[in-house]
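Okay, here's what each chain looks like letter by letter:
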Amino acid sequence: MKKLFYTILFSAILLMQQLEVNAQRFRAGISAGLVATDVYGSDIYDNDNDFFKAGFMFGGTVSTTLNKKLTLELELNYIQKGTQQPADANGNGFYKFSFNYLEFPFILNYRFHFNIGAKSVNGLYLHAGISIGRLISNKGEGDNFYSNNDADYLNKTDVSLLAGLGYNFSEHFNFCFRYSNSVIPVFKQNSASPIPFASTFNNGNNLVLHFILQFTFGAAKNEIPAKEEN
């Protein structure tokens, strides 16, 4: 998995360099936001996905316009994931796992517009992609086990599928809501996981709700104009 991570990173750098040579229309940006996270199947009470663990993310973006509707984007983010179970009515059962990743999302944005009466709405966009992450630190704490930073029972590589909806407030500012679901379990299947998991689909995978504000530098090129005629 480590070799795969660095191979994908190197390939992404080469891809962006080639696109820059051919297109010469890159825009860089910065982003920051809040995340609500969970590990599927980790709720020991009722197996619900409660997204109790809050965190934040920040990073940088590089994007290139493919046509008037499509934009290809590469991000580099630090993000906090994990899961948390509040204590029960008797003050027992609390635990919290924190997993901090360095991630490289590859995203395709699709801009669209529609009319509300005579008003044209052009700022919305859909996006989807894949994210490759590497665990850089972790911590576990709870009532039933000692606080520790042991990572032997964790998969160091995270691969997630993502999708979301965003809105461009201006040429430079946009906000997006994103959901991601990993396809590799956080806990190694052959290890003694601190949390017992039932044998169902997606168990042990990272689930994340993202709320992201992004600022993009430079002037937009070859994008949808402010208003389109039908």
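Scroll up for the structure.
(A) Local environment of the pairing of strand 10 (residues 173–182). As defined by bridge partners, strand 9 (residues 157–168) adjoins strand 10 across 9 bridges and the pair is classed as antiparallel. For Leu161, the partnering residue across the bridge sits in strand 10 and is Asn181. Counted along the chain from strand 9 to the antiparallel partner strand 10, the turn is 4 residues long.

(B) The environment of Gly93, seen in detail. Of note, Gly93 is situated in the loop between strand 3 (70–85) and strand 4 (95–111). The buried category is assigned to Gly93, whose relative accessible area is 13%. For the pair Gly93 and Gly142, spaced 49 residues apart in the sequence, the C-alpha separation amounts to 7.5 Å.

(C) Quick peek at the side chain of Thr83. Summarising the element assignment, Thr83 is placed in strand 3. Separated by 2.9 Å, the side chains of Thr83 and Asp38 make a polar contact.

(D) Quick look at unusual backbone geometry. Non-glycine residue Phe51 carries a positive phi angle of around 50 degrees. Considering the arrangement of structural elements, one finds Phe51 in the loop between strand 1 (26–39) and strand 2 (53–65).

(E) Structural context of the pattern of salt bridges. The tally for this structure, following the rule as stated, stands at 3 salt bridges. Glu75 is paired through a salt bridge with Arg178; the nearest N and O atoms lie 3.1 Å apart. With Glu75 in strand 3 and Arg178 in strand 10, this residue pair connects regions lying 103 residues apart in the sequence. Of the two residues, Glu75 and Arg178, both sit in the buried class. Across the salt bridge formed by Glu103 and Lys81, the nearest N and O atoms sit 2.6 Å from each other. Of this pair, Glu103 sits in strand 4 while Lys81 sits in strand 3, placing them 22 residues apart in sequence. We note that Glu103, like Lys81, is buried.

What counts, and at which threshold
Residues numbered from 1 in each chain as written. Predicted model: local features only at pLDDT ≥ 70, side-chain atom pairs only at ≥ 80, totals over all residues. Heavy atoms only, no water. Pairing = 2+ DSSP bridges. Helix = DSSP H or I, 4+ residues; strand = E, 2+ residues; numbered from the N terminus. Buried < 20%, exposed > 50% of the residue type's maximum accessible area, 1.4 Å probe, protein only. Polar contact = N/O pair within 3.5 Å; in protein donor to acceptor, adjacent residues only side chain to side chain. Salt bridge = Lys/Arg side-chain N within 4 Å of Asp/Glu carboxyl O.

These results come straight from atomic positions and should not be treated as a statement about function.
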